[in-house]
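# Notes for the structure review
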Amino acid sequence: MPRLVILFSIIYLSSLVKSLHAQEYANCVSCHQEQVTLWQQSDHAKAMAHANDKTVLANFDNVSITHFTQKARFFKNENKFFAELTEAGSTNVYPITYVFGHFPLQQYLIETQAGKLQVFPFAWDARDESKGGQRWYPNYPSEDITPKDRLHWKQPMQNWNGMCADCHSSGLKRNFDTKTLTFDSQFDEINVSCASCHGDMASHYTANTTSVNDSESDKKSKVTQVEEANHHRSSLTSHDLSLNEQQAIGRWLLKDGSNIATWHEQKDGEFIPAKRDNRFMETCFACHSLRTSLSDGIEPKKSFLDQFSPSLLISPLYFADGQIREEVYVYGSFLQSRMYEAGVNCIDCHNPHSMKLKIEGNGLCLQCHSASAYEGEKHTKHVGSENVNQCVNCHMPTRTYMGVDARRDHSFSIPTPNVSSTTGAPNACLNCHDRDNDWVSEKLINWYGKDSTLNKQEENYISLMQGNIHSKQAVLRIAHSSSLPVIKRATALSLLASSNQALTDKDLRKFILHEEPLLRLGAAQAGRALLPNERTKTYANLLDDKYKAIRVTAANNLLGLGFNTPNFKKALEELRLSNTVNQWRGEGNLNQSLVEYQLGNIYQTEKLLKRGLTVDPYFEANYINLAELYRAQNKLLLEEQTLLDGMSNLPDSALIHYSLGMLHVRKQDKATAVTFFKKATELAPETPQNWYIYALALDSVGQTKSALSVLKKAIKRQSDNSLISLGLSLSQKIGDEASYRLFQSKARR
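Report on the accompanying structure. (Residues numbered from 1 in each chain as written. Predicted model: local features only at pLDDT ≥ 70, side-chain atom pairs only at ≥ 80, totals over all residues. Heavy atoms only, no water.)

In the structure shown here, the tally under the stated rule is one disulfide. Put simply, C167 and C287 are joined by a disulfide, and their sulfur atoms are 2.5 Å apart. Handedness of the C167-C287 disulfide follows from its S-S torsion of about -105 degrees: it is left-handed. Note that C167 is positioned in helix α3 (residues 160-168) and C287 in the loop between α8 (281-285) and β17 (291-293), a separation of 120 residues in sequence. No disulfide involves C28; its sulfur sits 3.8 Å from the nearest other cysteine sulfur, which is in C194. Judged by relative accessible area, which is 22%, C28 ranks as partly exposed. As a non-bridged cysteine, C368 has C349 as the owner of its nearest cysteine sulfur, 7.8 Å distant. (Disulfide = S-S within 2.5 Å. Helix = DSSP H or I, 4+ residues; strand = E, 2+ residues; numbered from the N terminus. Buried < 20%, exposed > 50% of the residue type's maximum accessible area, 1.4 Å probe, protein only.)

What follows concerns the pairing of strand β8 (residues 105-113). Of all nine residues in β8, seven are buried, a share of seventy percent or more. Across three bridges, strand β7 (residues 98-100) lies against β8 in antiparallel orientation. Its bridge partner lying in β8, V99 is registered against Y108. When β8 meets strand β9 (residues 116-119), the two strands line up antiparallel, connected through four bridges. Within β9, the residue paired with Q113 across the bridge is K116. (Pairing = 2+ DSSP bridges.)

In this section: the packing of aromatic side chains. Counted by the stated rule, this structure contains 23 aromatic pairs. Seen from their ring centres, F74 and F120 are 5.9 Å apart, and the 80 degrees between their planes marks the pair as edge-to-face. Placement of F74 in strand β4 (residues 70-77) and of F120 in the loop between β9 and β10 (122-125) is noted, with a sequence separation of 46 residues between them. Take F74: its relative accessible area is 1%, and that puts it in the buried class. The ring of W263 has R276 sitting right over it, with the charged end atom 3.8 Å from the ring centre. (Phe/Tyr/Trp six-rings, centres within 6.5 Å; stacked < 30°, edge-to-face > 60°. Lys NZ or Arg CZ within 6 Å of the ring centre and 35° of its normal.)

Turning our eyes to something else, we now look at the side chain of N649. Along the polypeptide, N649 turns up in helix α29 (residues 636-649). The contact partners of N649, leaving out residues within four places of it in the chain, are K148, P617, Y618 and Y623. (Contact = heavy atoms within 4.5 Å.)

Now for the sheet that holds strand β15 (residues 262-267). In space, the three strands of this open sheet follow the order β14-β15-β16, with antiparallel pairing throughout. Either end of the sheet is taken by a strand with one partner, and the two such strands are β14 (252-253) and β16 (270-273). By the bridge criterion, two bridges tie β14 to β15 in an arrangement that is antiparallel. Note that in β15 the partner of L253 across the bridge is T262.

Further remarks concern the packing of helix α22 (residues 517-526) against helix α24 (residues 548-557). As a packed pair, α22 and α24 sit with axes 9 Å apart at the nearest point and diverge in direction by 15 degrees. One element, α22, and the other, α24, form an angle in the roughly parallel class. When you trace α22 past α24, the crossing you get is left-handed. Here P517, R520, L521, A524 and Q525 of α22 come into contact with α24, specifically with A549, I550, T553, A554 and N557. Its residues placed into classes, the contact of α22 with α24 shows six nonpolar, three polar and one charged. (Axes fitted to C-alpha atoms, helices over the stretch in contact; angles between N-to-C directions. Parallel < 35°, antiparallel > 145°, perpendicular 65-115°, else oblique. Left-handed = near helix turned anticlockwise from the far one by under 90°. Nonpolar A, V, L, I, M, F, W, Y, C, P; charged D, E, K, R; others polar.)

Written as structure tokens, this is what we have:
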């Protein structure tokens, strides 16, 4: 008989939470019925719910699906929903505790341990059947995710508490206990409610219900006026309003002779251009970004960089030109856009409560872009259906995530075929046309006289992000370029940390003192490349930065330099906390182990690495670092056992095989080392170092001809200088003139 997992704790907790916050919800409804009605239509309202007949969208009528070595069956029993899963020779039945999301897919949560929820490996495609929906499908359609895989549904990467919860429920606290390695996660409300964006509004409610200055009728009248004004503002374009109406509310104005509107505000009776205060978007970014949490939970009214450290535009998250690649959400793409630079914010396009588009189709863009200049064939050069001439299809191409979720890129880019051909970045033109980039280039030149709108620094940035080598001075010029979006400049700065080019205080000083926080964050990350004596100069000012993300990065790079000042101690404590709240997964333990090692706390370093292996046994970095720690202590048996454990759990890890090879070299067992190095090249053939050390090991056991064969095979993949130099050396060693000439010809290129 399959095991039936019985759940109580989370269901009880949710019921309790709901009862505690029912009054707060009612308070909002009493004055803001229109906004609440709109919210009920939103994805926010349906972010998470108890599994019942009203919320479950999937077919649980005893249906089955098989995917590689997994087989799932979905059924109901006494109005409860269950999933039976067979994998690795075992069959288990799990109650569905919660539904997660609703469209275009719905996922299902299982409590695998008390308080610990995991995402089931099959999701429901909620789209219409005519669009391929109304079916079960695997979360990883092209892979067989076995239990010994970091992406397996019971591992941290599929954990609701850590990966998903803070953005799908209001007032979420993970409450991960690093001693018991258990969760006691709690939330105020099960979905994304009013409080997620507005924070605790209890005082607002009290003030508006106890005021003695307004009568009840006055209050209702004022609420109605505000709601009507908001509705009027959100439902009309600038072309629908007279200039007087626009001036009365302050908004985007399309002035005479201009094709694109600019933001204006009324001041001293005059309507003038103004810089818009869009800081409220930091609340949106808290969830609509790829970031690392610095604290447990989200405080809506707290600055984004005081709670999170965002991922910049690095590979493989983004393509070299900044287009979205992995699942990075909106923050990184939108901050690159001209829209963001001009002051456009989220609710210019999206209703703030329903999150639906304010206007469907091109009308949304024509709020600010002149129809005479941008609507129709004159601009698009396309004749055909309305769909062909949709602004978003050229400037906001989609990329599909989670199998069925097509999301639009918010960088509002212009198709650039030469960039696509050199970097592999997608091209909106080729999304519709089955042609190549040369054809796109020819068309653009015929239409506009050129096939690229990029300036020199944009081209340099793309070259840098593609992986081409740039001097320190060239990277700094990119970072200083005011023609680039701030997030691209910050990304370029951050890459200096791994460029092997030493930085000086002068190189980073202007960025450290810059008013743009992302540039200061980029400088903080680049600080790792500062010479130690240079870090004690201007860089140390970052310990007093306004934002935690910058302070903790600076503290991390100042470890081991003898700092003992109060601001360093405070930033170090913030760094420890940010690592602690992420110790439910391998990275949090690894990051804090590096901190403790720098501080000389060897026992704590070992403890953290071991904990990382316990909570996240398929994360290879902790095996490597723990083995290195044992090697430094001359604990060779523990080093070897750690690597063997790692190989057992991660048989496809090239790095672990490489490390085992090096261990056997030190043991003078070169023959065994060769076998591990060979395996490393098979597992990671794109890494030149694997080929280099494999050839060197073959030579050391007298197999120089075999070593040359290995190097010839390697340089067919990539002409790496180190491989060519070794080939020349080994060819000379055995007098192999033909091989020498081959490697010499490669060296001349």
